Amino acid sequence: MESTNGTTIILMSGDMDKVMAAFNIAVGAAAMGKETVMFFTFWGIKAIQKGNLTGRSLFARMMGLLNRGGINRIGPSQFNFWGMGRWMFKQMMKSHKIISLDDLRKTALELGVKLLPCQMSMEVMEIRKEDLIEGAGEPCGVATMLELSDRSKQTLFI
Amino acid sequence: MESTNGTTIILMSGDMDKVMAAFNIAVGAAAMGKETVMFFTFWGIKAIQKGNLTGRSLFARMMGLLNRGGINRIGPSQFNFWGMGRWMFKQMMKSHKIISLDDLRKTALELGVKLLPCQMSMEVMEIRKEDLIEGAGEPCGVATMLELSDRSKQTLFI
Amino acid sequence: MESTNGTTIILMSGDMDKVMAAFNIAVGAAAMGKETVMFFTFWGIKAIQKGNLTGRSLFARMMGLLNRGGINRIGPSQFNFWGMGRWMFKQMMKSHKIISLDDLRKTALELGVKLLPCQMSMEVMEIRKEDLIEGAGEPCGVATMLELSDRSKQTLFI
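Definitions and limits used
- Residues numbered from 1 in each chain as written.
- Chains lettered and ligands numbered in written order.
- Predicted model: local features only at pLDDT ≥ 70, side-chain atom pairs only at ≥ 80, totals over all residues.
- Heavy atoms only, no water.
- Helix = DSSP H or I, 4+ residues; strand = E, 2+ residues; numbered from the N terminus.
- Buried < 20%, exposed > 50% of the residue type's maximum accessible area, 1.4 Å probe, protein only.
- Contact = heavy atoms within 4.5 Å.
- Areas by Shrake-Rupley, 256 points an atom, 1.4 Å probe, with all protein chains shown as cover.
- Pairing = 2+ DSSP bridges.
- Core = buried A, V, L, I, M, F, W, Y, C linked by side-chain atoms within 4.5 Å.
- Polar contact = N/O pair within 3.5 Å; in protein donor to acceptor, adjacent residues only side chain to side chain.
- Axes fitted to C-alpha atoms, helices over the stretch in contact; angles between N-to-C directions.
- Phe/Tyr/Trp six-rings, centres within 6.5 Å; stacked < 30°, edge-to-face > 60°.
- 1 Å grid on protein atoms, 1.4 Å probe; cavity = no way out; pocket = protein on both sides within 12 Å on 5 of 7 lines; lining within 4 Å.
- Points joined across faces, edges and corners; volume = space filled by probe spheres on them.
- Nonpolar A, V, L, I, M, F, W, Y, C, P; charged D, E, K, R; others polar.
- Expected span 1.5 Å × (residues − 1).
- Salt bridge = Lys/Arg side-chain N within 4 Å of Asp/Glu carboxyl O.

A. The overall build of chain A, seen in detail. Helix and strand counts for chain A stand at six helices and four strands. Moving toward the C terminus, one meets the helices and strands of chain A in the order β-α-β-α-α-α-β-α-α-β. Counting the 158 residues in chain A, one finds 58% classified as buried. Relative to all contacts within chain A whose residues are 6 or more apart in sequence, the contacts with residues 24 or more apart total 72%. In the structure as shown, chain A presents an accessible area of about 6700 Å², 54% of it carried by carbon and sulfur atoms.

B. Representation of the pairing of strand β4 (residues 152-157) of chain A. Residues and elements named next belong to chain A. Counting buried positions along β4 yields five of six residues, so the element is predominantly enclosed. Where strand β1 (residues 6-11) lies against β4, five bridges are found, and the strand directions are parallel. Residue pairing in the sheet places Thr8 in a bridge with Thr155 of β4.

C. How the structure looks around the nonpolar core. Within the largest apolar cluster, 146 residues are counted, with the highest numbers of intra-cluster contacts made by A:Phe23, B:Phe23 and C:Phe23. Once you skip the residues sitting within four places of it in the chain, B:Phe23 turns out to touch B:Met38, B:Phe40, B:Ala47, B:Ile71, B:Leu104, B:Arg105, B:Ala108 and B:Leu115.

D. Examining the environment of B:Thr36 more closely. All names here are of chain B. If you trace the backbone, Thr36 turns up in strand β2 (residues 36-40). Accessibility expressed as a relative area gives 3% for Thr36, which makes it buried. Taking the C-alpha atoms as reference, Thr36 lies 9.6 Å from Ile25; in sequence the two are eleven residues apart. The contacts of Thr36, once residues within four sequence positions are left out, are Thr7, Ala26, Ala29, Ala30, Gly112, Val113 and Lys114. In terms of polar contacts, Thr36 uses its side chain to reach the backbone amide nitrogen of Ala30, at 3.4 Å.

E. Structural detail: the side chain of A:Thr7. Residues and elements named next belong to chain A. By the secondary structure assignment, Thr7 is in strand β1. Residue Thr7 is classed as buried on the basis of its relative accessible area, which comes to 0%. When near neighbours in sequence (up to four residues on either side) are disregarded, Thr7 contacts Ala29, Lys34, Glu35, Thr36, Val37, Ser152 and Gln154.

F. Focus on the sheet that holds strand β2 (residues 36-40) of chain C. Residues and elements named next belong to chain C. Here four strands make up an open sheet; going across it, the order is β3-β2-β1-β4 and the pairing parallel. In the strand order of this sheet, the two ends are held by β3 (114-117) and β4 (152-157), each with one partner. Pairwise comparison of adjacent strand axes, ignoring direction, gives a mean angle of 15° for this sheet. One ladder, built from five bridges, connects strand β1 (residues 6-11) with β2; its direction is parallel. From the neighbouring strand, Leu11 faces β2, where its bridge partner is Phe40.

G. View of the packing of aromatic side chains. All names here are of chain B. For the structure on display, the rule yields three aromatic pairs over all chains. Residues Phe23 and Phe40 carry aromatic rings whose centres are separated by 6.1 Å and whose planes lie at 35° to one another, so their mutual orientation is tilted. Of this pair, Phe23 sits in helix α1 (residues 16-31) while Phe40 sits in strand β2, placing them 17 residues apart in sequence. The exposure classification of Phe23 matches that of Phe40, with both residues buried.

H. Spotlight on the layout of surface pockets. Volume-wise, the second largest pocket comes out at about 350 Å³. In terms of lining residues, the second largest pocket is bounded by 13 residues, among which A:Ser152, A:Lys153, B:Ser152, B:Lys153 and C:Lys153 are the most central. Looking at the lining of the second largest pocket residue by residue, the classes come out as no nonpolar, six polar and seven charged.

I. A look at helix α1 (residues 16-31) of chain C. Along its 16 residues, α1(C) runs 22 Å from first to last C-alpha, staying within 8% of the 22 Å computed at 1.5 Å per residue. For α1(C), the buried fraction is high: 15 of the 16 residues fall into the buried class.

J. Region of the structure containing unusual backbone geometry. Residue and element names in this part refer to chain A. Unlike most non-glycine residues, Phe42 shows phi in positive territory, near 45°. Of note, Phe42 is situated in the loop between β2 (36-40) and α2 (58-67). Take Phe42: its relative accessible area is 8%, and that puts it in the buried class.

K. Region of interest: the pattern of salt bridges. This structure, assessed with the given rule, holds 21 salt bridges over all chains. For B:Lys34, the salt bridge goes to A:Asp150, with nearest N and O atoms at 2.6 Å. Here the residue B:Lys34 occupies a position in the loop between α1 and β2, and A:Asp150 occupies one in helix α6 (residues 142-150), the pair thus bridging two chains. A single burial state applies to B:Lys34 and to A:Asp150, both of which are buried. Here the salt bridges share partners, and the residues they tie into one network are A:Glu35, A:Lys114 and A:Arg151.

L. Fine view of the environment of C:Glu35. Residues and elements named next belong to chain C. Mapped onto the fold, Glu35 is located in the loop between α1 and β2. With 77 residues separating them along the chain, Glu35 and Gly112 place their C-alpha atoms 8.2 Å apart. For Glu35, the side chain forms a polar contact with the side chain of Arg151, separated by 3.0 Å.

M. Spatial organisation of the environment of B:Met145. Residue placement: B:Met145 occurs in helix α6 (residues 142-150). Overall, B:Met145 belongs to the buried group, its relative accessible area being 3%. Considered as a pair, B:Met145 and B:Ile45 are 100 residues apart in the sequence and their alpha carbons are 15 Å apart. Ignoring any residue separated from it by four or fewer positions in sequence, one finds B:Met145 in contact with B:Ile10, B:Phe39 and C:Ile25.

N. Geometry of the sheet that holds strand β3 (residues 114-117) of chain B. Residues and elements named next belong to chain B. Pairing in this open sheet of four strands is parallel, and the strands run β3-β2-β1-β4 from one edge to the other. With partners counted over all chains shown, the strands left at the sheet margins are β3 and β4 (152-157), one partner each. Across the sheet, the mean angle separating the axes of adjacent strands is 15° when strand polarity is ignored. With four bridges connecting them, β2 and β3 associate as parallel partners. Across the sheet, the residue bridging to Phe39 is Leu116, located in β3. Most of the contacts of α6 go to β4, to which it runs at about 135°, and overall it touches β1 (6-11), β2, β3 and β4.

Right under this line is the structure:
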């Protein structure tokens, strides 16, 4: 019988604080032995991009510019202040010995969290499979996401 | 016995990208045969308004002005740039043959997705039943929403 | 046997409208007899802070300044306009006889809703137990939150 005790996280936000919350919950769930899936859509795709420039249309290039540098370059949803927010957040996290977003993502992968990109978002933003980090799963659609979610005790939209 | 396999979406956001994500998930769920309900609250009500001016208080008129034009006039949560964001989003969606928000909503209705407005939000924003699109259900409260949600495998707050 | 019919709300937002939505759902759930838990993380902690200044680091002091005044001083996610939004929201709520955030929180506590602060957020933002309102529960981590959520019919991330 299939597990029905999983955790599904739909990450639509590309804000640093929300990305961090999403990975923290995912790592916690996986550590408890729950089958854990993260589904990355729209701005959330930033969290599994390498950070290179992608796409050729005006929009895709704009998105690429904004995402340049990958997960270490994203800022929080509040107090961004032209990069100050990110810097402050990092200082604060460092001084409190909080794990970095990059390491948190590695831990998630090590614990078997599935990182699935949303196919439609990839098409619209002109992101190719090779623009994503190693370990990212196959792009999939809403149906796959919902099937995984049906086997989960909680599905969070972040 | 009642279905316990439904999908409930609470849409509080009025941002174009989030409204689109909500309808995409709803349409996907309904297409899978899941009993699907969308509950529209606060800014989310925009997504089922006709787009006319409503209410007489200062606040209600401000809300009305901002919502003028209905679902085709709302902008994304990021990159709005005084309307540029919306225009770009639409171009991008068009060039990638992504269904428009308007058509997505029609599809949702055709697939039997229930679109329920939050009663309290309607009162506070002075929106009348006739200000909502045809097909919108009866205004209801938190209790009704939670009862529907109790029969769902996933409840998303967007 | 333990209840499996609860409601879990993870509140990460500190925006007035979202805090209000969260408490409204919590109060509705508790009134229906559901075991209801609210888990406050990041900006959401504002909703159970007394509103005094906390912490000594630059970041903690900034957070403290922004949170000064507690739950009555927070503004909505849109139309804040340097405090105008909050004032308008309050006027509108008053004229429609909507319960204030402060009273809503009291009702939640009276109905037995558990208000749990996220331990990591408290550490990072240098918030002490005594900075939280009376009635707030013991700080806890992701594991505790997920265990409570596993017994819930719906877990909302707000």
